[in-house]
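Here's the letter readout for the chains.
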Amino acid sequence: MINPAELELLQQALATLAKGYEKLPSFTAEFDTDAAAQVLQLVAERMHDNYPYYHPQYAGQMLKPPHPVARIAYAMSLWVNPNNHALDGGKASSALEKECIVELGQMYGWDAPLGHLTGGGTMANLEALWVAGRLHPGKRVLGSKQAHYTHSRISDVLGLPFSAVPVCNDGRMDLAAIEAMLKAGDVGTIVATIGNTGLGAVDPLGEILGLANEYDARVHADAAYGGYFGLASELRDETRAVYDRLPEVDSIVVDPHKHGLQPYGCGCVLFRNADVGQFYKHDSPFTYFSSAELHLGEISLECSRPGASAVALWATQQLFPLEKGGQLAQWLDLGLLAARDFWQRLADSEHYQPLMQPELDIVVYALNAADARQASDRARRVFALAAENDLHLALIELPVGLVQSYLPELEANAETMTCLRSVLMKPEHGAWLDRIMTILEDCAVCGSR
Ligand SMILES: *Cc1c(COP(=O)(O)O)cnc(C)c1O
């Protein structure tokens, strides 16, 4: 689990960090190391009660271990503990954040976006919808029924009406339903999810942009999960087409703490038109005196934020530039291929039925059974049995009609059905599929006894 080289690299980085402060009179804060040691042992033991997220046999939720370079850069910067709210608190790390934002913007073909890092996708989406609401006051927000639940909640916080658009059986938003809602004339913003959290389905952006143009609505892309996949070369054609149109949306959210190899606390919001910065205006009496340069707190709703996130992201983007054909892109491709391979293996199994073909690296699959209730029970049993055998999966509750389109003989004796879901985010997942399938087949047999 722990590579000793990481600790060595951290020490080297800290030694270089300390050199920057050598001209000050020597000062190091003291603390009671014995007391701290006791508590640290205690807390390390408490941490055993986690699923083994770092391991390829964790094939459940969207949890990706941060890259060591991110982890080390983040830890190193904690000895400074910069605050990216204002330059007073995080001069160097604010500069690093601005450089990261330029590179993230370039990934979407934007030369001069307005943007910054956030605590995560939720805060980033909040800002995007807040700006959308400023531009279309009181108007409705549309998002997929499979959009992250955060959108309806954020709309509620912002006092904007929200409507959920039904999805087709492939998990993508239903265009006819969007158009019917647009005809009501009160829609200000359409949220297109670029890789929805449950299914990994990518909304049909080209058609959505066309409709938005016709009905004068904004388009916000929630690419919190899928935002990096435009770099990949293994996308299906219709998914590739979506990424090719992404530069045309008004705002984008991407979570570096999902596919960007970062520790938690790293989301990002980008606006194509930097003029929206005007909405953030405020008069803080105490923060911004050190420089005429832009303080990130002038363009973000959150105030104090960890500069460490920017330090870690910058280090990661140095090592793995955001470019097609690069290492990051190759890792994303491995996930896409692993998901397709897994889907096929499940299709070949007598116990399992995979649902839609994966667009990204998320696979959703049902257990074969006569009716929806039995299939749900079987899925929950396999979920628990697999965990006992150190294979960790996730569950998803889906409308029975959607599942039935893949299992036509299934009797629909419930409104929803429990299915299994695996996010194959780790580059190693593909190589572990033999083992993962063996455990799954064993569990399906045991679970049906
Ligand atoms: C994860 C996710 C969010 C929420 O982001 P957090 O980083 O968890 O706050 C929003 N939308 C989508 C599509 C996501 O996958």
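Keep in mind the model is a prediction, meaning the values are calculated, not measured. The residue count restarts for each chain, going from 1 along the sequence in the order it is written. Where local features are concerned, this predicted model is filtered to residues with pLDDT of at least 70; where side-chain atom pairs are given and counted, the filter is 80 or more; whole-chain, interface and lining totals use all residues. Note that water and hydrogens are dropped before the side-chain values are worked out from all heavy atoms of the structure.

S.K.: Lay out the pattern of salt bridges in plain terms, naming residues and giving numbers.
M.R.: Here, a salt bridge means any Lys or Arg side-chain nitrogen found within 4 Å of an Asp or Glu carboxyl oxygen. Using the criterion set out here, one finds 13 salt bridges in the structure. Across the salt bridge formed by Arg305 and Glu97, the nearest N and O atoms sit 2.9 Å from each other. Placement of Arg305 in the loop between β7 (267-271) and α10 (307-319) and of Glu97 in helix α4 (residues 91-107) is noted, with a sequence separation of 208 residues between them. Between Arg140 and Asp186 there is a salt bridge, with the nearest N and O atoms lying 3.0 Å from each other. Here Arg140 is found in strand β2 (residues 140-144), whereas its partner Asp186 is found in the loop between α7 (175-182) and β4 (187-193), with 46 residues between them in sequence. Salt bridges here are not isolated pairs; linked through shared partners, they connect Asp341, Arg345 and Asp434. For helices the rule is a DSSP run of H or I covering at least 4 residues; for strands it is a run of E covering at least 2, with both sets numbered from the N terminus onward.

S.K.: Hey, could you go over the pairing of strand β6 (residues 251-254) for me, with residue numbers and the actual values?
M.R.: For every residue, the accessible area obtained with a 1.4 Å probe (protein chains only) is divided by the maximum for its type, and the residue is called buried under 20%, exposed over 50%, and partly exposed between those limits. In β6, alternate side chains face the same way, and those of Ser251 and Val253 on one face and Ile252 and Val254 on the other are all buried. For a crossover, the right-handed case is the one in which the path from the first strand over the helix to the second runs clockwise, viewed with the strands pointing away from the viewer. Between the parallel elements strand β5 (residues 218-223) and β6, the chain passes through helix α9 (residues 237-245) in a crossover that is right-handed. Paired strands, as defined in this entry, are two strands with at least two bridges between them according to DSSP. Sheet topology places β6 next to β7; four bridges connect them, and they run antiparallel. Residue pairing for β7: Val254 is matched across the bridge by Cys268.

S.K.: If you had to explain the side chain of Ser376 to someone new, which residues and values would you point to?
M.R.: Position of Ser376 relative to the elements: it lies in helix α12 (residues 372-388). Relative accessible area serves as the criterion here: at 6%, Ser376 is assigned to the buried category. We call two residues contacting when some pair of their heavy atoms lies within 4.5 Å. Each residue touching Ser376, except ones within four places of it in the same chain, is listed here: Thr416, Met417 and Thr418.

Coordinates in, geometry out; function isn't part of it.
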